[in-house]
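# A structural walkthrough
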Amino acid sequence: MPNTLKCLALSASPRRDGNTALLARLALGACAEAGCDVEFLYLVDFRYEPCRACEGCYATGRCVVPDDAGVLYEKILAADRLIFAAPVFSMGICAQAKVFIDRAQQFWAAKYLLGRRVIEEGRPERRGIFISCAGTTLPGVFEGTVRVARYFFKMLEIKLQASLCYAGVEKRGEIFNNRAALEETVAQGRLLAL
Ligand SMILES: Cc1cc2nc3c(=O)[nH]c(=O)nc-3n(C[C@H](O)[C@H](O)[C@H](O)COP(=O)(O)O)c2cc1C
């Protein structure tokens, strides 16, 4: 019997049950229906500080700051699939996500300074999806967000299966009016389970 795939969803918006969180739950639900073990977490329920640039991780590839970022990164390392959801704030990724992502500098150090893999040799490919929403439909509104997300997934050695970005979604729950977005998100959630 193959091992059940573990899928972790991290929702970075401070707005609980906001648009990105709703989409993350939808993708995760599809993943669960397809047989994965799933866990959904809000970053706002955890306490983590910004990177101190102390270079403490340069010698070991592990962050020396003892806070909840360590707990969350252990969960990410243990997961086979990742759903990361974060809205556009001030034309970039929301601060809760950015602060957390900066703490992945330890994996940059492991890879590029110490020449180590983040994931053990022989482990099957890990995959994930990035989800974002923006209130406006300005050209390039997701450029910054997607760029940071791509970097994040690369540092974690997780293949980015899709970036699902939906513009013109401002109020909480407004994403429910976008049927195509909901369908695409469910389809991508199902794909994650394969
Ligand atoms: C502090 C703040 C800054 C925002 N900045 C932008 C922005 O620069 N561009 C934009 O299109 N929408 C912006 N928005 C709107 C959000 O991207 C939009 O409401 C989105 O649906 C929020 O997702 P959530 O419900 O998952 O939090 C901003 C919202 C907040 C609260």
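Higher on the page you've got the structure.
In what follows, the accompanying structure is described. (Residues numbered from 1 in each chain as written. Predicted model: local features only at pLDDT ≥ 70, side-chain atom pairs only at ≥ 80, totals over all residues. Heavy atoms only, no water.)

### With respect to the overall build of the protein
For the protein, the helix and strand inventory stands at six helices and seven strands. Over its C-alpha trace the protein gives a radius of gyration of 16 Å, about what one expects of a compact globule, namely 16 Å for 194 residues. A principal-axis box enclosing the C-alpha atoms of the protein has dimensions of 50 × 45 × 30 Å. The buried share of the protein, reckoned over its 194 residues, is 47%. Long-range pairs, those at least 24 residues apart, make up 81% of the contacts in the protein with a sequence separation of at least 6. Accessible surface computed for the protein: about 9600 Å², of which carbon and sulfur atoms make up 53%. Mean positive and mean negative side-chain charge positions of the protein (25 and 21 charges, respectively) differ by 2 Å. (Helix = DSSP H or I, 4+ residues; strand = E, 2+ residues; numbered from the N terminus. Rg over C-alpha atoms; globule rule 2.2 N^0.38 Å. Buried < 20%, exposed > 50% of the residue type's maximum accessible area, 1.4 Å probe, protein only. Contact = heavy atoms within 4.5 Å. Areas by Shrake-Rupley, 256 points an atom, 1.4 Å probe, with all protein chains shown as cover. Lys, Arg positive; Asp, Glu negative; His and termini not counted. Charge placed at Lys NZ, Arg CZ, Asp CG, Glu CD.)

### Things to note about the site of the ligand
Near the ligand you find 17 residues, and of these Ser13, Thr20, Val88, Thr136 and Val169 are the closest. In this structure, threonine 20 approaches the ligand through a side-chain N or O atom, which is 2.4 Å from an oxygen atom. Methionine 91 is positioned with one of its backbone polar atoms (N or O) 2.8 Å from an oxygen atom of the ligand. Its free accessible area being 650 Å², the ligand has 77% of it covered by the protein chains. Elements that contribute at least two residues to the shell around the ligand include exactly helix H1 (19–33) and strand E4 (88–89). Of the residues that constitute the shell around the ligand, the class distribution is eight nonpolar, seven polar and two charged. (Near = heavy atom within 4 Å. Polar contact = N/O pair within 3.5 Å; in protein donor to acceptor, adjacent residues only side chain to side chain. Nonpolar A, V, L, I, M, F, W, Y, C, P; charged D, E, K, R; others polar.)

### A look at the pattern of salt bridges
Taken as a whole and assessed by the stated rule, the structure comprises twelve salt bridges. Linking glutamate 49 and arginine 52 is a salt bridge whose minimum nitrogen-to-oxygen distance equals 3.0 Å. Its relative accessible area of 48% is what places arginine 52 among the partly exposed residues. With a closest N to O distance of 3.9 Å, glutamate 183 and arginine 179 form a salt bridge. Of this pair, glutamate 183 and arginine 179 both sit in helix H6 (residues 179–192), separated by four residues, roughly a single helical turn. Residues participating in the shared-partner salt-bridge network are Lys111, Arg117, Glu121 and Glu157. (Salt bridge = Lys/Arg side-chain N within 4 Å of Asp/Glu carboxyl O.)

### Side note on the nonpolar core
Leu10, Tyr73, Ile76, Leu82, Phe84, Phe100 and Phe152 are the most contacted members of the largest nonpolar core, which totals 38 residues. Listed by contribution, the elements that provide at least two residues to this core are strand E1 (6–11), helix H2 (68–78), strand E3 (81–85), helix H3 (95–102) and helix H5 (143–155). It is H5 that contributes the most residues to this core, six residues altogether. If we ignore the near neighbours within four places in the chain, the residues touching phenylalanine 84 are Leu10, Ala12, Leu43, Ile93, Ala97, Phe100, Ile101, Ile129, Phe130, Ile131, Phe152 and Phe153. By size, the runner-up hydrophobic cluster in this structure holds 26 residues, among which are Ala24, Tyr42, Ile83 and Leu192. (Core = buried A, V, L, I, M, F, W, Y, C linked by side-chain atoms within 4.5 Å.)

### Some points on helix H4 (residues 105–113)
Within the span of H4, buried status applies to Gln106, Phe107, Ala109, Ala110 and Lys111. Residues of H4 that are buried sit in contact with H2 and H5. In the segment just after H4, glycine 115 is the residue with positive phi, at about 65 degrees.

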